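Topology and contacts: notes
Spelled out from the first residue to the last, the chains are:
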Amino acid sequence: MRDLSTAELLTAWDRARDQPPTQEALVWLAAVYPEHSIEQLAQWSVGQRDSCLLTLQERLFGSQLNGVTICPQCRQRVELAFNVSDLRVEPTKVGPIVPVGGVMTLTAEGYRVHFRLPNTLDLEAIETSADINSMREQLLRRCITSVMWEGVEKGDGEPVSNPTQLPMTLVDAIAERMVEADPQGDTRFALSCPDCNHEWFSTFDIATYFAGEIHNWAKYLLREIHSLARAYGWREADILAMTPRRRRAYLELLGNG
Ligand SMILES: [Zn+2]
């Protein structure tokens, strides 16, 4: 992962803004991994993508993350403060390493299912799904590459054309295997409400969080550029080439610090 200059960060922000969240994440991956095409990056598993975004978040803004959620029991606002390391999957917990686009196999309940891990293209495809059920159905259709019914009497087995007709226990087992193989793609953390002591698990989406952070950073930087350009007549490129410390020093001299 390469480091980006302030000017490169601002260019990527400009490119990423107003894109759907999944595309926005790809713009950032492409910025830090220029050796890969967007098409290749879109096929990285969701866990690989999120692991990169966590690293980028940590490099640019430090390891502390803050947020607000609502207690599902008493509807109280709960402030969150946690660390990037709380969300990182320990290497020992990482399941079998599946190469990009690699096919996994699950044999259960008389079926043999071949499937791959969800990637950004899959997230993009389900973004407009009406509800969680149609989202799940679409994901299955996309990620299951083949299903054979191998009931004991059937011998060689026969192909099953509709993967959404599989028994629910089998679908759950597939989902479980996906999480085992790509644990960073399903980040959950334990929460407890300081008011009613209710405890629950919440998911964390680094793509949305990072998008919010970089947007605030860019708005702040543009205000700095605006103030310095207006006061001194300097070009944007020259102001961007300065260190943050030097920009702040000039702003203090102007009484804007
Ligand atoms: Zn509560």
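Now for a quick tour of the structure.

Of the regular secondary structure elements, the chain holds eleven helices and eight strands. For 257 residues, the compact-globule estimate of 2.2 N^0.38 gives 18 Å, and the C-alpha radius of gyration of the chain, at 23 Å, exceeds that figure by more than 25%. A principal-axis box enclosing the C-alpha atoms of the chain has dimensions of 85 × 50 × 35 Å. Taking all 257 residues of the chain together, 36% fall into the buried category. Put simply, of all contacts in the chain between residues at least 6 apart along the chain, 59% involve residues at least 24 apart. Of the roughly 14800 Å² of accessible surface on the chain, a fraction of 49% belongs to carbon and sulfur atoms. Of the charged side chains in the chain, 25 are positive and 35 negative, and the gap between their average positions amounts to 7 Å.

With that settled, the discussion passes to the pattern of salt bridges. All chains considered together, the criterion is met by twelve salt bridges. One salt bridge connects R2 with E8, and the closest N-O pair in it is separated by 2.9 Å. Exposure remark for R2: the relative accessible area of 34% places this residue in the partly exposed category. Linked through salt bridges whose partners overlap, the residues forming this network are R49, D50 and D205.

The next point concerns a nonpolar patch on the surface. Together, Y232, L253 and L254 make up a nonpolar patch on the protein surface, roughly 290 Å² of accessible area in all. Note on placement: L254 falls in the segment after α11 (244-253).

With their axes 10 Å apart at the nearest point, helix α1 (residues 6-16) and helix α9 (residues 206-232) run at an angle of 120° to one another. The orientation of α1 relative to α9 falls into the category oblique. In the packing of α1 onto α9, the handedness of the crossing is left-handed. Contacts between α1 and α9 involve T6, L9, L10 and W13 from the former and I214, H215, W217, A218, L221, L222 and I225 from the latter. Here the contact of α1 with α9 is built from residues that sort into nine nonpolar, two polar and no charged.

A four-donor tetrahedral metal ideally has 109.5 degree angles, and a six-donor octahedral metal ideally has angles of 90 or 180 degrees. Protein coordination of the zinc ion is provided by C71 (SG), C74 (SG), C193 (SG) and C196 (SG), with donor distances spanning 2.3 Å. Summarised as a motif, the one-chain spacing of the donors to the zinc ion is C-x2-C-x118-C-x2-C. On the criterion of sequence distance, the pair formed by C74 in the loop between β1 (64-70) and β2 (77-83) and C196 in the loop between β7 (188-192) and β8 (199-203) is long-range, its members being 122 residues apart. What makes C196 partly exposed here is its relative accessible area of 27%.

Moving on: the nonpolar core. In this structure, W28, L53 and F204 are the most contacted members of the largest nonpolar core, which totals 45 residues. The contact partners of W28, leaving out residues within four places of it in the chain, are L4, L9, A12, W13, A16, L53, L56, F210 and I214. Among the nonpolar cores identified, the runner-up in size contains 16 residues, and Y111, F115, L140 and A181 belong to it.

Before going further, it helps to examine the side chain of E24. Within the secondary structure layout, E24 lies in helix α2 (residues 21-32). Salt bridges are absent for the buried E24, whose nearest opposite-charge side chain, R17, sits at 8.4 Å. E24 has contacts with A16, Q19 and A211, leaving out every residue within four places of it along the chain.

Our next topic: the layout of surface pockets. Taken as a whole, the largest pocket spans an internal volume of roughly 1100 Å³. What lines the largest pocket is a set of 31 residues, among which L123, I126, L139, G185 and D186 lie closest to the centre. Contributing elements (two or more residues each) for the lining of the largest pocket: α2, α4 (46-61), α6 (120-126), α7 (132-143), α8 (168-181) and α9. A total of six residues in the lining of the largest pocket trace back to one element, the largest contributor, which is α7.

Another aspect to go through is unusual backbone geometry. Although it is not a glycine, R75 adopts a positive phi angle of roughly 65°. Structurally, the position occupied by R75 is in the loop between β1 and β2.

Our focus in this paragraph is α9. Between its terminal C-alpha atoms α9 stretches 38 Å, which fits the 39 Å expected from 27 residues at 1.5 Å a residue. Within α9, burial applies to I206, A207, Y209, F210, A211, I214, A218, L221, E224, I225, S227 and L228. Residues of α9 that are buried in the fold lie against α1, α2, α4, β1, α10 (236-241) and α11. Two or three places before A207, at the start of α9, stands the capping residue D205, its side-chain oxygen 3.2 Å from that residue's backbone nitrogen. Two residues or fewer past α9, G233 is found with a positive phi of approximately 75°.

Parameters at a glance
Every residue gets a number counted from 1 within its own chain, in the order that chain's sequence is written. Per-residue local features of the predicted model are confined to residues with pLDDT of at least 70, and side-chain atom pairs are confined, for both listing and counting, to 80 or more; whole-chain, interface and lining totals are unaffected and use all residues. Only hydrogens and water are set aside; all other atoms, that is, all heavy atoms of the structure, feed into the side-chain values. Every helix listed is a DSSP run of H or I at least four residues long, and every strand listed is a run of E at least two residues long, numbered separately from the N terminus. Put simply, the radius of gyration uses C-alpha atoms, and a globule should come to 2.2 Å times the residue count raised to 0.38. Remark: exposure states derive from per-residue accessible area (1.4 Å probe, protein chains only) relative to the maximum for the residue type, with buried under 20%, exposed over 50%, and partly exposed in between. Should any heavy atoms of two residues lie within 4.5 Å, those residues are counted as being in contact. Accessible surface is estimated by sampling points in the Shrake-Rupley manner with a 1.4 Å probe; for residues, cover comes only from the protein chains shown. The charged-residue count follows a simple rule in which Lys and Arg add positive charge and Asp and Glu add negative charge, with His and chain termini not counted at all. Every charge is mapped onto a representative atom, which is NZ of Lys, CZ of Arg, CG of Asp or CD of Glu. Put simply, a salt bridge is a Lys or Arg side-chain nitrogen that is within 4 Å of an Asp or Glu carboxyl oxygen. Exposure above 30% relative accessible area and no salt bridge define the residues that can form patches, which grow by joining like charges within 9 Å and nonpolar side chains of Val, Leu, Ile, Met, Phe, Trp and Tyr within 5 Å. Inter-axis angles, ranging from 0 to 180 degrees, are taken between N-to-C directions of lines fitted to C-alpha atoms, where helices are fitted over the stretch in contact. An angle counts as roughly parallel when it lies under 35 degrees, as roughly antiparallel when it exceeds 145, as roughly perpendicular when it falls between 65 and 115, and as oblique in every other case. Here is the rule for handedness: rotate from the far helix to the near one, and if that takes an anticlockwise turn smaller than a right angle the crossing is left-handed, while a clockwise turn gives right-handed. The classification used treats Ala, Val, Leu, Ile, Met, Phe, Trp, Tyr, Cys and Pro as nonpolar, Asp, Glu, Lys and Arg as charged, and all other residues, Gly among them, as polar. Shown as donors are all N, O and S atoms within 2.8 Å of a metal ion, widened to 3.2 Å for Na, K and Ca; because water is not in the atom set, sites may appear incomplete. Here the nonpolar core consists of buried residues drawn from Ala, Val, Leu, Ile, Met, Phe, Trp, Tyr and Cys, with membership extended through side-chain atoms lying within 4.5 Å. Site definitions follow a grid-based scheme: protein atoms alone, a 1 Å grid, a 1.4 Å probe that fits but cannot get out for cavities, and for pockets an open set with protein on both sides within 12 Å along at least five of seven lines, plus lining residues having an atom within 4 Å of a point. Grid points are joined across faces, edges and corners, and a volume is the space filled by probe spheres set on the points. Working rule for helices: expected span equals 1.5 Å times residues minus one. Side-chain atoms alone can form a polar contact between residues adjacent in sequence; in general such a contact is a pair of N or O atoms within 3.5 Å, and within protein one must be able to donate a hydrogen while the other accepts it.

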